[in-house]
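This is what each chain is made of:
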Amino acid sequence: MDQAPAKEIVVQSQRKCEGADCSEDAGTLQCPTCQKLGKEAFFCSQDCFKRNWVGQYSDTGTRGRERSDHGVRSVVSLPDADGHFNPFPTYPYTGSLRPVYPLSTRRAVPEKIPRPDYALTGIPSSEQVPTARKTIKLLNEDGIKGMRKVCRLAREVLDIAAAALKPGITTDQIDEIVHKACVERDSYPSPLNYCEFPKSVCTSPNEVICHGIPDQRPLKDGDIINLDVTLYHKGFHGDLNETYYVGSADKDSDSVRVVEAARDCLSEAIKLVKPGVLFRDYGNTIEKVAKSRNCQVVRTYVGHGINQLFHTVPNIPHYAKNKAVGEAKVGMCFTIEPMITLGSYRDKTWPDNWTSVTVDGKRTAQFEHTLLVTEDGVEVLTARLENSPGGKVEMPVEEIKTNGEAKA
């Protein structure tokens, strides 16, 4: 699961707390959802933030108050015969995809399973500590063992979910499969309640770039879908995602072009990873591969450090000529997860405050691995297994008729 690039912000002494009932000066605590959206919202304390957080979300897990910046009124569509409805019918969607609500209730995690700090509050407080935002952790042997274990489990869960993909299954059913598989492995599904995300996996079909919320929409023959799985096991997070073809989607040349471009972008970037390589260099390779397939690279979201924290430094931009600072060192763990589009690289976010889509409604694909920097290069901790579903697809052969003759 990617994150928006973080910004270092110096808090001025005259900045006031955003709490509606507070006149105190703000500290360094920021609203994590606002930070994800690139907005500033500082509070004086955890208690003040929690007080003002209550009531902002509905039972479906989406923000309840009207969002003037999206131009969306507080209105939902009439339910259909199955009780399903569009929660944002007046929103100017960029493509054909629509949310299908209601969302299912939040799935429970047994108390015996250790969970991250945000599991109850929705606030990843440990990620907001200044040292966590500035110091890149180098894992010792115990840390490396912990990351290897959780990443292996995360691969197992993704493969189980991918094997269930077919026309007719809903993304909510995929969420249920992922949640159950996590619990069976004594693991917490890391996305669940992270900055109030309501589900255990991100499901992003067609024009959805990332952070798609599982709902009641059934997958259709010809869809492509990204499944982004992260597990928290014994103190460590393991993160990966892949984009899959649903039904006959692998016969559509544009779908294959963007999916395989994204796959190759990640593969070529991973080949660069070794001690001393600059974080800004991966984007040059990724953009070169994407442009060779007539595709573009999303700039809003980045790869990230991962270990005991879900998202931490370093940030790994995926586009060329970026300004990322730093270099890979032995013991670092981070993700590379390029998001590639058929059209514009620009994105837009639905009123649920999570679902990021292409601004022109064209298809997009993403692949992600968690990587460990080693003495002689890199270890792909979330590598595919021999029996992993999906995998590379060759471009379909298209017949082009010229003067009545078919040419391959």
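What comes next is a walk through the structure. Please read all numbers here as calculations on a predicted model, not as lab measurements.

**With respect to the sheet that holds strand E5 (residues 208–210)**
- Pairing is antiparallel across the open sheet formed by three strands, whose spatial order is E5-E14-E13. Edge positions in the open sheet fall to E5 and strand E13 (347–349), since each of these has one partner strand only. Strand-to-strand twist of the sheet, defined as the mean angle between neighbouring strand axes without regard to direction, takes the value 40°.
- Sheet topology places E13 next to strand E14 (residues 356–358); three bridges connect them, and they run antiparallel. Within E14, the residue paired with Asp347 across the bridge is Thr358.

**A closer look at unusual backbone geometry**
- Across the junction of Tyr101 and Pro102, the peptide omega takes the value 10°, indicating a cis bond.
- Structurally, Pro102 is set in the loop between helix H2 (46–53) and helix H3 (118–121).
- Residue Val313 is joined to Pro314 through a cis peptide bond whose omega torsion reads 10°.
- Residue Asn193 is not a glycine yet carries a positive backbone phi of 70°.
- Here Asn193 is to be found in the loop between strand E3 (188–189) and strand E4 (202–205).
- Since its relative accessible area comes to 5%, Asn193 is described here as buried.
- One non-glycine residue, Asn206, adopts positive backbone phi at about 55°.
- For Asn206, a relative accessible area of 7% translates into the label buried.

**Re the pairing of E4**
- Residues Cys202 and Ser204 of E4 are buried on one face, and the alternating residues Thr203 and Pro205, pointing to the opposite face, are buried as well.
- In the sheet, E4 pairs with strand E6 (residues 224–233) via four bridges, with the strands oriented antiparallel. The partner of Thr203 across the bridge, within E6, is Leu227.

**Overview of empty space enclosed by the protein**
- Under the counting rule described, the total for this entry stands at two cavities of 30 Å³ or more.
- Of the voids in this model, the largest cavity is the one considered here, and its volume is about 140 Å³.
- Lining the largest cavity are 16 residues; nearest its centre among them are Leu97, Pro205, Ile213, Asp215 and Trp350.
- Broken down by class, the residue content of the lining of the largest cavity amounts to eight nonpolar, four polar and four charged.
- In this model, the second largest cavity occupies a volume close to 40 Å³.
- The wall of the second largest cavity is formed by Ser204, Asn206, Val208, Ile209, Ile224, Ile225, Asn226, Thr243, Thr364, Ala365 and Gln366.
- Contributions of two or more residues to the lining of the second largest cavity are made by E5, E6 and strand E15 (364–366).
- Its residues assigned to classes, the lining of the second largest cavity shows five nonpolar, six polar and no charged.

**Let's talk about the pattern of salt bridges**
- For the structure shown, the criterion picks out 19 salt bridges.
- Salt bridges linked by common partners bring Glu260, Arg263, Asp264, Arg293 and Lys392 together as one network.

**Remarks on the sheet that holds strand E8 (residues 296–297)**
- The strand order E8-E12-E15 describes an open sheet built from three strands, whose pairing is antiparallel. The sheet is open, and its two edges are formed by E8 and E15, each paired on a single side.

**Considering the pairing of strand E17 (residues 377–380)**
- Note that strand E16 (residues 369–374) and E17 share four bridges and pair antiparallel. Looking at the pairing, Leu371 lines up with Val380 of E17.
- Linking two consecutive strands that pair antiparallel, namely E16 and E17, is a turn of two residues.

**With respect to the environment of Lys112**
- Its location among the elements puts Lys112 in the loop between H2 and H3.
- Put simply, Lys112 and Asp186 are 74 residues apart on the chain and 8.3 Å apart in space, counted from C-alpha to C-alpha.

**Considering the packing of aromatic side chains**
- Within this structure, the stated rule accounts for nine aromatic pairs.
- Ring centres 5.0 Å apart and planes at 85° place the aromatic pair Tyr118 and Tyr194 in the edge-to-face group. With Tyr118 in helix H3 and Tyr194 in the loop between E3 and E4, this pair connects stretches of sequence that are 76 residues apart. For the pair shown, Tyr118 and Tyr194 are each scored as buried.
- A connected cluster of aromatic rings, assembled from ring pairs, spans Phe85, Phe88 and Tyr101.
- Positioned over the ring face of Tyr345 is Arg299, at 4.8 Å from the centre of the ring.

Cut-offs applied
- Residues numbered from 1 in each chain as written.
- Predicted model: local features only at pLDDT ≥ 70, side-chain atom pairs only at ≥ 80, totals over all residues.
- Heavy atoms only, no water.
- Pairing = 2+ DSSP bridges.
- Helix = DSSP H or I, 4+ residues; strand = E, 2+ residues; numbered from the N terminus.
- Axes fitted to C-alpha atoms, helices over the stretch in contact; angles between N-to-C directions.
- Buried < 20%, exposed > 50% of the residue type's maximum accessible area, 1.4 Å probe, protein only.
- 1 Å grid on protein atoms, 1.4 Å probe; cavity = no way out; pocket = protein on both sides within 12 Å on 5 of 7 lines; lining within 4 Å.
- Points joined across faces, edges and corners; volume = space filled by probe spheres on them.
- Nonpolar A, V, L, I, M, F, W, Y, C, P; charged D, E, K, R; others polar.
- Salt bridge = Lys/Arg side-chain N within 4 Å of Asp/Glu carboxyl O.
- Phe/Tyr/Trp six-rings, centres within 6.5 Å; stacked < 30°, edge-to-face > 60°.
- Lys NZ or Arg CZ within 6 Å of the ring centre and 35° of its normal.

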